[in-house]
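As a plain string of letters, each chain reads:
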There are 2 protein chains.
Amino acid sequence: MTVTDIAQRTYDHNFRLDPIVRSLLDTDFYKLLMLQMVQHIHPDVQATFSLINRTKSVRLADVIDEDELRAQLDHARGVRFTKKELIWLAGNSFYGKQQMFSPDFIAWLADFKLPAYDLRKANGQYELQFEGPWTHTMMWEIPALAIVNELKSRAAMQGKGKFALDILYARAKARLWEKVERLRQLPDLVISDFGTRRRHGFLWQRWCVEALKEGLGSRFIGTSNVLLAMDADLEAIGTNAHELPMVAAALAESDEALARAPYQVLENWQQHYNGNLLIALPDAFGTTAFLKNAPSWLAGWTGFRPDSAPPIEGGEQIIRWWQEQGVDPRQKLLIFSDGMDIDAIEETYRHFHGRVRMSFGWGTNLTNDFRGCDPDGASGLEPISLVCKVTSVNGRPAVKLSDNPAKATGDPKEIERYLRVFGSAGRTPSAVAV
Amino acid sequence: MTVTDIAQRTYDHNFRLDPIVRSLLDTDFYKLLMLQMVQHIHPDVQATFSLINRTKSVRLADVIDEDELRAQLDHARGVRFTKKELIWLAGNSFYGKQQMFSPDFIAWLADFKLPAYDLRKANGQYELQFEGPWTHTMMWEIPALAIVNELKSRAAMQGKGKFALDILYARAKARLWEKVERLRQLPDLVISDFGTRRRHGFLWQRWCVEALKEGLGSRFIGTSNVLLAMDADLEAIGTNAHELPMVAAALAESDEALARAPYQVLENWQQHYNGNLLIALPDAFGTTAFLKNAPSWLAGWTGFRPDSAPPIEGGEQIIRWWQEQGVDPRQKLLIFSDGMDIDAIEETYRHFHGRVRMSFGWGTNLTNDFRGCDPDGASGLEPISLVCKVTSVNGRPAVKLSDNPAKATGDPKEIERYLRVFGSAGRTPSAVAV
């Protein structure tokens, strides 16, 4: 016989809302690093971020209730950094460094809130946009994605029986643990969780992170999720993202300035950060173009994060560049984070082992792999390729070319101009799964 | 139908131990304030703390299993301050002050562990002693009391049915809420939780603290429990305790030095702390003697915490002293913390309202009032008067006289000497309930 806690049950049933985003630390660490720099050097830049569902076959506006979506977005707008969170940001060391965030910046965060959003439906999709100062709109990316993804999961689980749910999670757990057992075979593996934006749900991400902590021990170096890093005493992981070169490019006044923009951003970065934070993202406008004109001081950086080329080709290309610069790749780091799953991790690890330092950022396939787990055989829990990208800057269009044309974003005419400036060498189309 | 989480259930049933003390912050705030001063000015003093059960009728050694007690004490010895806890201590403000704890002290805490204990049985009681540097033995007081009290609660609940337990907690909750409703009638009430040492159990203390937070709003100013303060974003409350004058007195080399000791301690205190932390405890060797020889600078302190005289008499005596010093008591603060319950709080509040600022520290009768709640009619959950006092200092006996001879502790011959030095004016025997 089971005694139910009546007060708890009644309280639970009276929830106005089960909030998805309950903390402003429930975001990726690199957002905070970038925000500190943006707030310092670009406080007045206006940037629009837009949600883009690349999996057009899933009609999100038919799946997710608009009122629920608004309620979750509104709730996130009401969340503030708590005193305990700010104390931790100020007092914790990140990448071995004390005071990563300046007291001025922490004080600025104390008043931070997510800005307004613009939501409408079109062609079975949601058009969700965030307009305003870059310092504020950029912080919507991760919570907006987490909210839409979790609402999609909830919709897919609506009406399922208790046993169906129990089996669903049992299968997903067994699946993850099989991956853990395979990863354990790789003695020098270095891996972290990058799965906040695409997660099935917050509680499931937490389960995955705790499972990796127990299952992989010191091979699991941390999580990009700042809240989980704080609560589970893990390292917060991350450096920078495409929005930095994309905004710099959009701000460029001429084609010459456009060509210089990706390097200008890295100079700004190294004025703010050092050591293991010196990781360059080469693919915003094509890795081949980037490396061709890259300044030699970049060979002094810790490493690269190839994020859209196939991992082995992308890695080889960067290793060649290091060798041309007279640098030993074994001292350098490659971070692989583009839709990695167990097969690609194993293959990439074995390919490069001993030739370069490697680290894997494991995202969607860590925190949202329910493929084939649903006992009802439905596909509603399969992950989709949802992103939230900067689309305009001070009224000018923003563009990402990527190494994979399927991942390019921006106005077609502007894409054409960027291709003229950067060239299209080395770009290879491949299907985007997640 | 209920689905049980089988993994959770199996994990729970495999607990080697359900630890009572899981964090070194699960202690009273004043211990940390005192520790910082002791570590600074008395790093070499040796002090023995001893558990004393003043409720002789409860034979603790018959109630609590010795192996369980050892397992809990051993577990507490294995606990360290975590990184997150030290960051919070360093970064949080206490009583409105930043950096209450110096970086040196925080670094020292990082290596802190509770020292060895000595446990034996005699006459149906446990003799539990902690010998070693004062900086370490003093930190046993609260966890040792919390462990013994919670093991006593667990023993009393062993074998009870689910409904009996459900009713037990329902009654205790209803009882506390009645008190909350009465306290709400006192518009200028200022009250805090002082109930860590005597609590029924950790989870119950947390329930009580959260209930007061919801029920009393801003009238509930915080908790002495540092862990609960951190986790519930409450103020940590507390200043200093009898051990300071008791150790100073034991260290005194002559009767003259003994007479000066209680004031010497306060001088040390105000070299370390200021503002609302300037609260004097007048009763270690009798309030009448203390006030008679008190230096006039003490009238500049924020207030007093009368802790063994009956509250109204004790308060009036202190008010008279302030008036003799030409100070307006309405600017001053009295903190009442000696075995207060709802009747005494109401009476004291009404008596002094408008004449002096007041604050109540609510202990045993907040966090351990299960009297008459047991549906089996047993008395095992009634609170007992258990303390853990400093009993010797550098090999010399330590003494507390108190305003209530029933609360005196120490070697009888030494008590006689202290009575000769301080006099016995104003001391009134009264029964010690909790």
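It should be emphasised that the depicted structure is a prediction, and the values quoted were computed from it without experimental measurement.

S.K.: With reference to specific residues and values, describe the overall build of chain A.
M.R.: When helices and strands are counted, chain A shows 18 helices and 12 strands. On C-alpha atoms alone, chain A measures out to a radius of gyration of 21 Å, which is about the 22 Å that the 2.2 N^0.38 rule sets for 434 residues. Counting across all 434 residues of chain A, residues that qualify as buried make up 56%. Total accessible area computed for chain A in this model is approximately 18100 Å², and 48% of it derives from carbon and sulfur atoms.

S.K.: Any details on the sheet that holds strand E6 (residues 235-236) of chain B? Residues and values, ideally.
M.R.: Residues and elements named next belong to chain B. Taken in spatial order, the seven strands line up as E6-E5-E4-E10-E9-E8-E7 in an open sheet, and their pairing is parallel. Each edge of the sheet is formed by a strand with only one pairing partner; in this case those strands are E6 and strand E7 (279-280). Note: strand E4 (residues 191-193) against strand E5 (residues 220-223), three bridges, orientation parallel. Opposite Ile191, over in E5, you have Phe220 as the bridge partner.

S.K.: Give me unusual backbone geometry: which residues, what numbers.
M.R.: Glycine aside, the phi torsion of most residues is negative, and most peptide linkages are trans. With a phi close to 50 degrees, Tyr95(A) is a non-glycine residue in the positive phi region. Relative to the assigned elements, Tyr95(A) resides in the loop between helix H5 (83-91) and helix H6 (103-110).

S.K.: I'd like to hear about the relation of the copies chain B and chain A, residue by residue, with values.
M.R.: At an RMSD of 0.0 Å, chain B and chain A line up after a rotation of 180 degrees and a shift of 0.1 Å along the axis. Taken together, the rotation angle and the small translation identify this as a two-fold axis. Here 100% of the interface residues in chain B have copies in chain A that are interface residues too; the copies meet face to matching face.

S.K.: Describe helix H16 (residues 342-352) of chain A, and please don't skip the residues or the numbers.
M.R.: Residues and elements named next belong to chain A. Within H16, burial applies to Ile342, Ile345, Glu346, Thr348, Tyr349 and Phe352. Looking at the packing, one finds that the buried side of H16 touches helix H9 (162-183), strand E4 (191-193), helix H15 (311-324), strand E9 (333-336) and strand E10 (357-362). Gly354 sits one or two residues past H16 and shows a positive phi near 90 degrees.

S.K.: If you had to explain the pattern of salt bridges to someone new, which residues and values would you point to?
M.R.: All names here are of chain A. Scanning the model with the defined rule gives 54 salt bridges over all chains in all. Two residues, Asp341 and Lys179, come together in a salt bridge whose shortest N-O distance is 3.3 Å. A residue pair is termed long-range when its members are at least 10 positions apart, and Asp341 in the loop between E9 and H16 and Lys179 in helix H9 qualify at 162 residues. Residue Asp341 is classed as buried on the basis of its relative accessible area, which comes to 19%. A cluster of three or more residues bridged by salt bridges with shared partners is formed by Asp28, Lys31, Glu141, Arg197 and Glu243.

S.K.: Mind laying out the environment of Gly300(B), listing which residues take part and the relevant values?
M.R.: All names here are of chain B. Relative to the helices and strands, Gly300 resides in the loop between helix H14 (287-292) and strand E8 (303-304). Of the residues examined, Gly300 reaches a relative accessible area of 60% and is grouped as exposed. The sequence separation of Gly300 and Gln205 amounts to 95 residues, and the corresponding C-alpha distance is 35 Å.

S.K.: Quick one: what's the story with the UniProt feature "modified residue: Phosphohistidine" (unreviewed entry) in chain A, residue by residue and with numbers?
M.R.: In the numbering used here, UniProt assigns the feature "modified residue: Phosphohistidine" (unreviewed entry) to His242(A). Ignoring any residue separated from it by four or fewer positions in sequence, one finds His242(A) in contact with Leu281(A), Asp283(A), Ala284(A), Asp307(A), Lys389(A) and Lys400(A).

S.K.: Break down the UniProt feature "domain: Nicotinate phosphoribosyltransferase N-terminal" (unreviewed entry) in chain A for me, with residues and values.
M.R.: Under the feature "domain: Nicotinate phosphoribosyltransferase N-terminal" (unreviewed entry), the UniProt entry names residues 25-149 of chain A. Annotated as residues 25-149 of chain A, this span is 48% helix and 14% strand, and its ends, taken at the C-alpha atoms, are 18 Å apart.

S.K.: Now, about the sheet that holds strand E5 (residues 220-223) of chain A: what can you tell me, with residues and values included?
M.R.: Residue and element names in this part refer to chain A. Read across the sheet, seven strands follow the order E6-E5-E4-E10-E9-E8-E7 without closing on themselves; strand pairing throughout is parallel. Pairing within the sheet leaves two strands with one partner each, and these edge strands are strand E6 (235-236) and strand E7 (279-280). Relative to the sheet, H15 contacts strand E8 (303-304) and E9, its axis offset from that of E9 by approximately 160 degrees. Against the sheet, H16 touches E4, E9 and E10, its axis set at about 170 degrees to E10.

S.K.: I'd like to hear about the packing of aromatic side chains, residue by residue, with values.
M.R.: All names here are of chain A. In this structure the tally under the stated criterion is 52 aromatic pairs over all chains. Ring geometry for Phe94 and Phe101: centres 5.6 Å apart, planes at 75 degrees, overall edge-to-face. The exposure classification of Phe94 matches that of Phe101, with both residues buried. Aromatic pair Trp204 and Trp207: ring centres 5.1 Å apart, planes at 5 degrees, arrangement stacked. Linking Trp204 with Trp207, this pair stays in helix H10 (residues 202-216), spanning three residues, or about one helical turn. Accessibility expressed as a relative area gives 29% for Trp207, which makes it partly exposed. Put simply, the rings of Phe29, Phe81, Trp88, Phe94, Tyr95, Phe101, Phe105, Trp108 and Phe112 pair up and form one aromatic cluster.

S.K.: Summarise the pairing of strand E11 (residues 386-393) of chain A; cite the residues concerned and give the values.
M.R.: Residues and elements named next belong to chain A. Within E11, seven of the eight residues are buried, which leaves it mostly tucked inside the rest of the structure. As judged from the seven bridges shared by strand E1 (residues 47-53) and E11, these two strands associate in the antiparallel manner. For Ser50, the partnering residue across the bridge sits in E11 and is Lys389. As judged from the two bridges shared by E11 and strand E12 (residues 396-397), these two strands associate in the antiparallel manner.

S.K.: Explain the interface of chain B and chain A residue by residue, including any values.
M.R.: At the junction of the two partners, chain B supplies 18 residues and chain A supplies 18 residues. Both faces combined, the contact of chain B with chain A buries some 1600 Å², and carbon together with sulfur accounts for 56% of it. The interface formed by chain B and chain A contains two salt bridges. One salt bridge connects Lys84(B) with Asp231(A), and the closest N-O pair in it is separated by 3.7 Å. Scanning the region where chain B abuts chain A turns up two residue pairs in polar contact (both at pLDDT 80 or more).

S.K.: So what's going on with the side chain of Asp374(A)? Residues and values would help.
M.R.: Residue and element names in this part refer to chain A. Turning to its location among the elements, Asp374 is positioned in the loop between helix H17 (364-367) and E11. Side chain to side chain, Asp374 and Lys160 meet in a polar contact 2.9 Å long. Those residues within four positions of Asp374 in sequence are excluded, and the remaining contacts are Lys160, Leu168 and Arg171.

S.K.: If you had to explain the nonpolar core to someone new, which residues and values would you point to?
M.R.: If you look at the biggest cluster of nonpolar residues, it comprises 269 residues, and the most contacted ones within it are Leu89(A) and Leu89(B). Those residues in contact with Leu89(A) that sit more than four places away from it in its chain are Leu25(A), Leu32(A), Phe94(A), Phe101(A), Ile106(A), Leu109(A) and Val226(A).

S.K.: Tell me what's going on with the environment of Glu256(A), and back it up with residues and numbers.
M.R.: Residues and elements named next belong to chain A. With respect to the helices and strands, Glu256 occurs in helix H13 (residues 255-272). Classification of Glu256 as exposed rests on a relative accessible area of 53%. In sequence terms Glu256 and Phe130 are 126 residues apart; their C-alpha atoms lie 30 Å from each other.

S.K.: Account for the pairing of strand E10 (residues 357-362) of chain B, naming residues and giving values.
M.R.: Residues and elements named next belong to chain B. Most of E10 is tucked away: five of the six residues are buried. Bridge count for E4 against E10 is three bridges, and the pairing is parallel. Bridge pairing in E10 links Asp193 to Trp362. Two strands pair when backbone bridges link them, and strand E9 (residues 333-336) and E10 are joined in this way by four bridges, in the parallel orientation. In the sheet register, Leu334 faces E10, and the bridge partner there is Met358.

S.K.: Give me the lowdown on H13(A), citing residues and values where you can.
M.R.: Residue and element names in this part refer to chain A. Spanning 18 residues, H13 covers 27 Å between terminal C-alpha atoms, matching the ideal 26 Å at 1.5 Å per step. At Ala261, H13 shows its strongest bend, of approximately 45 degrees, with the proline Pro262 following within four residues. Among the residues making up H13, those that are buried are Ala257, Leu258, Ala261, Pro262, Tyr263, Val265, Leu266, Asn268, Trp269 and His272. Lining the buried residues of H13 we find helix H2 (29-41), helix H12 (243-251), E7, helix H14 (287-292) and helix H18 (412-422).

S.K.: Account for the confidence of the model for chain A, naming residues and giving values.
M.R.: Mean pLDDT over chain A works out to 95, with 99% of the residues at or above the 70 mark. Both scores are available for the predicted complex, with the pTM at 0.84 and the ipTM at 0.72.

Thresholds, definitions, all that
- Residues numbered from 1 in each chain as written.
- Chains lettered and ligands numbered in written order.
- Predicted model: local features only at pLDDT ≥ 70, side-chain atom pairs only at ≥ 80, totals over all residues.
- Heavy atoms only, no water.
- Helix = DSSP H or I, 4+ residues; strand = E, 2+ residues; numbered from the N terminus.
- Rg over C-alpha atoms; globule rule 2.2 N^0.38 Å.
- Buried < 20%, exposed > 50% of the residue type's maximum accessible area, 1.4 Å probe, protein only.
- Areas by Shrake-Rupley, 256 points an atom, 1.4 Å probe, with all protein chains shown as cover.
- Pairing = 2+ DSSP bridges.
- Least-squares fit on C-alpha atoms with pLDDT ≥ 70 in both.
- Contact = heavy atoms within 4.5 Å.
- Salt bridge = Lys/Arg side-chain N within 4 Å of Asp/Glu carboxyl O.
- UniProt positions renumbered as here; feature names shortened; annotations may be inferred.
- Axes fitted to C-alpha atoms, helices over the stretch in contact; angles between N-to-C directions.
- Phe/Tyr/Trp six-rings, centres within 6.5 Å; stacked < 30°, edge-to-face > 60°.
- Buried area = accessible area lost by both parts, 1.4 Å probe.
- Polar contact = N/O pair within 3.5 Å; in protein donor to acceptor, adjacent residues only side chain to side chain.
- Core = buried A, V, L, I, M, F, W, Y, C linked by side-chain atoms within 4.5 Å.
- Expected span 1.5 Å × (residues − 1).
- Bend = angle between axes of the 7 residues up to and from the residue.
- pLDDT = per-residue confidence, 0-100.

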